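Fold and geometry: a report
Each chain, letter by letter, is given below.
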Amino acid sequence: MPNFTRHQIAYNLLSALRGAGLGVRDEFEGRQEPTSWFFRCLAYDQSELDIMESGAIDALHAPSVLVELSLDEVALAAAAIGPEGLLSYLAWETDDAPFGGVAGSSAGPESRLDFHPDVHMGYLALDVAPPNLWMQERRSDPDSNEALARRLAMMAQEVGGACDVVEVHIEGALDASEDGWADRTAEVRPAGVSVHFTLDIPLAGVGERELSGRFDDAAHTAAAAIEGMRLVFQRMSAGER
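For the structure given in this document, a descriptive report is provided here. (Residues numbered from 1 in each chain as written. Predicted model: local features only at pLDDT ≥ 70, side-chain atom pairs only at ≥ 80, totals over all residues. Heavy atoms only, no water.)

**Some words on the overall build of the chain**
Heads up, the condition is: Starting at the N terminus, helices and strands are each numbered in turn, a helix being any DSSP run of H or I of at least four residues and a strand any DSSP run of E of at least two. For each residue, the accessible area found with a 1.4 Å probe, counting protein chains only, is set against the maximum for its type, and the residue is called buried under 20%, exposed over 50%, and partly exposed in between. Throughout, a contact is declared for two residues whenever any of their heavy atoms are within 4.5 Å.
Of the regular secondary structure elements, the chain holds six helices and six strands. Reading the chain from its N terminus to its C terminus gives the helix and strand order α-β-β-α-β-α-β-α-α-β-β-α. Counting every position in the chain, which comprises 241 residues, the buried fraction comes to 41%. Taking as baseline every contact in the chain between residues at least 6 positions apart, the subset at least 24 positions apart corresponds to 72%.

Right, dumping it as structure tokens:
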């Protein structure tokens, strides 16, 4: 991945999203730690986003994907120069022992420096969520909540085969009844729902082609999850369990 920068990587991600039929808005970048850089954007189905941006509607009541790319800038710099370039920044402890070796050991000319396979250059996280209006229109009872969680989990497993982590997150909200918060019969309604996908970006063995492939996997996962979530809510509204 020679001469790759964080902004080129973010551009490749946006290109992959466009290729999957997703439009983005609310792009934002910043730092989480001294060596960690992130890029975030909100993605929608492009045809629906076009309708909103044309001024035909004020709010888009459709599923969306919060996309967050986190990069380790130390690992990114190491990937750009490669192990051989990294060697130019290191000093041998002795003339006859390579860095990390011991003088007089069997480590000979065939020894080489390489990236550790467990080190990651970054992570790409996708959070697919329904619009608030869909949650407000839902019935609030344990059976319906369980059915929603079950359908979302099945959808997430179906579309998330290329991802390293697949999770369904449901936040419950307890509304006070006439008897107050201590009422044991008060129902918990799902106040927040999202399907979470994570794709790892290793440092070792990842070049521009492999990175583009990971972004394509993420973009198609996001697009499929948007349609899958739309179908889940449609079937739940129709009374299917």
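That covers the picture; the talk isn't over yet.
**Quick word on unusual backbone geometry**
The backbone of Asp26 sits at a positive phi, close to 55 degrees, despite the residue not being glycine. Assignment of secondary structure puts Asp26 in strand β1 (residues 22–33).

**Remarks on a nonpolar patch on the surface**
Where we set the bar: What goes into a patch is any residue over 30% in relative accessible area without a salt bridge, connected to like charges within 9 Å or, for nonpolar side chains (Val, Leu, Ile, Met, Phe, Trp, Tyr), within 5 Å. For accessible areas, the Shrake-Rupley method is used with a probe of radius 1.4 Å. Any residue's cover is judged against the shown protein chains and nothing else. One speaks of a salt bridge when a side-chain nitrogen belonging to Lys or Arg is within 4 Å of a carboxyl oxygen belonging to Asp or Glu.
Taken together, the side chains of Ile81, Leu87, Tyr89 and Leu90 make up a nonpolar region of the molecular surface, amounting to roughly 370 Å² of accessible area. For Leu87, the location among the structural elements is in helix α3 (residues 73–87). Classification of Leu87 as partly exposed rests on a relative accessible area of 30%.

**Topic: the side chain of Asp45**
In plain terms, the rule: Note on charges: Lys and Arg go in the positive column, Asp and Glu in the negative column, and His and the chain ends are not counted at all.
Structurally, Asp45 is set in strand β2 (residues 36–45). An unpaired buried charge is present at Asp45: no salt bridge exists, and Arg230, the closest side chain of opposite charge, is 5.1 Å distant. Filtering out sequence-adjacent residues up to four positions away, Asp45 remains in contact with Gly21, Leu22, Gly23, Ile226, Glu227 and Arg230.

**Regarding the pattern of salt bridges**
Side chains that carry opposite charge are capable of pairing whenever their charged atoms lie near each other. In total, this model carries seven salt bridges according to the counting rule given. Measuring nitrogen to oxygen at the nearest pair gives 2.5 Å for the salt bridge that ties Glu73 to Arg31. Taken together, the residues span a long stretch of sequence, with Glu73 in helix α3 and Arg31 in strand β1 at a distance of 42 residues. With its nearest N and O atoms 3.1 Å apart, the salt bridge here joins Glu227 to Arg230. Of this pair, Glu227 and Arg230 both sit in helix α6 (residues 208–237), three residues apart, roughly one helical turn. Where salt bridges share partners, they join Arg6, Arg31 and Glu73 into one cluster.

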